[in-house]
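# Fold and geometry: a report
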Amino acid sequence: MNKVGFNIRKIREKKGYSQEYMAQELEISQATYARIENQATRLTVERLYQIAEILNTDIAEFFNASQLTIQHQENQQGSYGNGYVQNLHVENKEVYEKLIETLESQVNYLKERLKLYEN
């Protein structure tokens, strides 16, 4: 089960924002916003980005690691590797694509930072 709405609520509460404030910023009713957090409505990529901007966070935070189950398969030598992700269900392919793009960008940045220490 995907918990994007739950994660949005956690981040909103941490920032001290009310549902009313979020709804006003998104130009929707508070009831409509509540449905977002309760996962009673589908979110578009555009809406996710609007929410991320208001919360001053990266969209990837809505898909944080605490909601993912990482399974590691034991190989023939008895060590673990080739982890894969379970339990992330997003109905909008664009969200996956943008999340992958964001994560790839972050990985590339970290690789560049590591190169500085290798020299």
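Residues numbered from 1 in each chain as written. Predicted model: local features only at pLDDT ≥ 70, side-chain atom pairs only at ≥ 80, totals over all residues. Heavy atoms only, no water.

With that settled, consider the pattern of salt bridges. Counted under the stated rule, the structure contains four salt bridges. Two residues, Glu37 and Arg12, come together in a salt bridge whose shortest N-O distance is 2.5 Å. Here Glu37, found in helix H3 (residues 30–37), pairs with Arg12, found in helix H1 (residues 4–15); they are 25 residues apart in sequence, far enough to count as distant. Overall, the relative accessible area of 6% leaves Arg12 in the buried class. Salt-bridge contacts for Glu112 lead to Lys115; the nearest nitrogen and oxygen are separated by 3.4 Å. Of the two residues, Glu112 and Lys115 both sit in helix H5 (residues 93–118), three residues apart, roughly one turn of that helix. The network of salt bridges with common partners includes Arg9, Arg12, Glu13 and Glu37. (Salt bridge = Lys/Arg side-chain N within 4 Å of Asp/Glu carboxyl O. Helix = DSSP H or I, 4+ residues; strand = E, 2+ residues; numbered from the N terminus. Buried < 20%, exposed > 50% of the residue type's maximum accessible area, 1.4 Å probe, protein only.)

Take unusual backbone geometry next. For Glu27, which is not glycine, the phi dihedral falls at a positive 60 degrees. Assignment of secondary structure puts Glu27 in the loop between helix H2 (19–26) and H3. Looking at Glu27, the relative accessible area reads 75%, which means it is exposed. The backbone of Asn56 sits at a positive phi, close to 55 degrees, despite the residue not being glycine. Here Asn56 shows up in the loop between helix H4 (45–54) and strand S1 (69–74). Take Asn56: its relative accessible area is 67%, and that puts it in the exposed class.

All we've got here are geometric facts, nothing functional implied.
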